[in-house]
Amino acid sequence: MTTVNAPYGAAVPAHQLAAMLVDPKSASEFSAPVFAFFSEVPGSIQKQFLKDMGVDETQANSVAGLFAKLSGYTLPLTT
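So, how was this worked out
- Residues numbered from 1 in each chain as written.
- Predicted model: local features only at pLDDT ≥ 70, side-chain atom pairs only at ≥ 80, totals over all residues.
- Heavy atoms only, no water.
- Helix = DSSP H or I, 4+ residues; strand = E, 2+ residues; numbered from the N terminus.
- Buried < 20%, exposed > 50% of the residue type's maximum accessible area, 1.4 Å probe, protein only.
- Contact = heavy atoms within 4.5 Å.
- Areas by Shrake-Rupley, 256 points an atom, 1.4 Å probe, with all protein chains shown as cover.
- Core = buried A, V, L, I, M, F, W, Y, C linked by side-chain atoms within 4.5 Å.
- Phe/Tyr/Trp six-rings, centres within 6.5 Å; stacked < 30°, edge-to-face > 60°.

Trainee: Explain the overall build of the protein chain to me, please; I cannot follow it from the model alone.
Mentor: If you tally the helices and strands in the protein chain, you get six helices and zero strands. Moving toward the C terminus, one meets the helices and strands of the protein chain in the order α-α-α-α-α-α. Burial analysis of the protein chain (79 residues in total) assigns 37% to the buried set. Looking at the protein chain alone, contacts between residues at least 24 apart form 60% of all its contacts between residues at least 6 apart. For the protein chain, the exposed surface amounts to about 4500 Å²; the carbon and sulfur share of it is 55%.

Trainee: Looking at this model, I keep getting lost on the nonpolar core. Mind explaining?
Mentor: Most often, soluble globular proteins have nonpolar side chains that are buried together. By size, the foremost hydrophobic cluster in this structure holds 21 residues, and its most contacted members are Leu-17, Leu-21, Val-34, Phe-37, Phe-38 and Phe-67. Elements supplying a minimum of two residues to this core: helix H2 (14-20), helix H4 (32-40), helix H5 (43-53) and helix H6 (57-71). With five residues, H6 is the largest single contributor of residues to this core.

Trainee: Please explain the environment of Ser-26 as it appears in this structure.
Mentor: As for its placement among the helices and strands, Ser-26 is situated in helix H3 (residues 25-28). Expressed as a C-alpha distance, the spacing of Ser-26 and Phe-67, which sit 41 residues apart in the sequence, is 8.7 Å. If near-sequence neighbours (up to four positions away) are discounted, Ser-26 is found in contact with Met-20, Ser-31, Val-34 and Phe-67.

Trainee: Help me understand the environment of Ala-64 in this model?
Mentor: For Ala-64, the location among the structural elements is in helix H6. Not counting the four nearest positions on each side in its chain, Ala-64 is found in contact with Phe-38, Leu-75, Leu-77 and Thr-78.

Trainee: Quick question: what am I supposed to make of the packing of aromatic side chains here?
Mentor: The geometry of two aromatic rings is summed up by the distance between their centres and the angle between their planes. Tallying each qualifying case throughout the model produces five aromatic pairs. Each ring, one from Phe-38 and one from Phe-67, has its centre 5.9 Å from the other, and the planes form 55 degrees; the classification is tilted. On the criterion of sequence distance, the pair formed by Phe-38 in helix H4 and Phe-67 in helix H6 is long-range, its members being 29 residues apart. Accessibility classification places Phe-38 together with Phe-67 in one group, the buried group. A network of ring pairs unites the aromatic residues Phe-35, Phe-37, Phe-38, Phe-49, Phe-67 and Tyr-73 as a single cluster.

By themselves, these observations are geometric and do not establish any function.
Shown next, in the form of structure tokens:
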């Protein structure tokens, strides 16, 4: 959570982040904590977080794909 919150002065709790990871609005609204999760957290930890929080990985992959298109970066969940 420090990785997604600290650089942006955010205070997003785990359950809120989990919801944001599957919400396409996170990409269209350029959510910095969600982008940090997809771009700065190692893929294995991303997958474990999704599992632990009960997040649908397919939906999260879709949102990660939106961020990849917007940013031009290859992101772990999109590979």
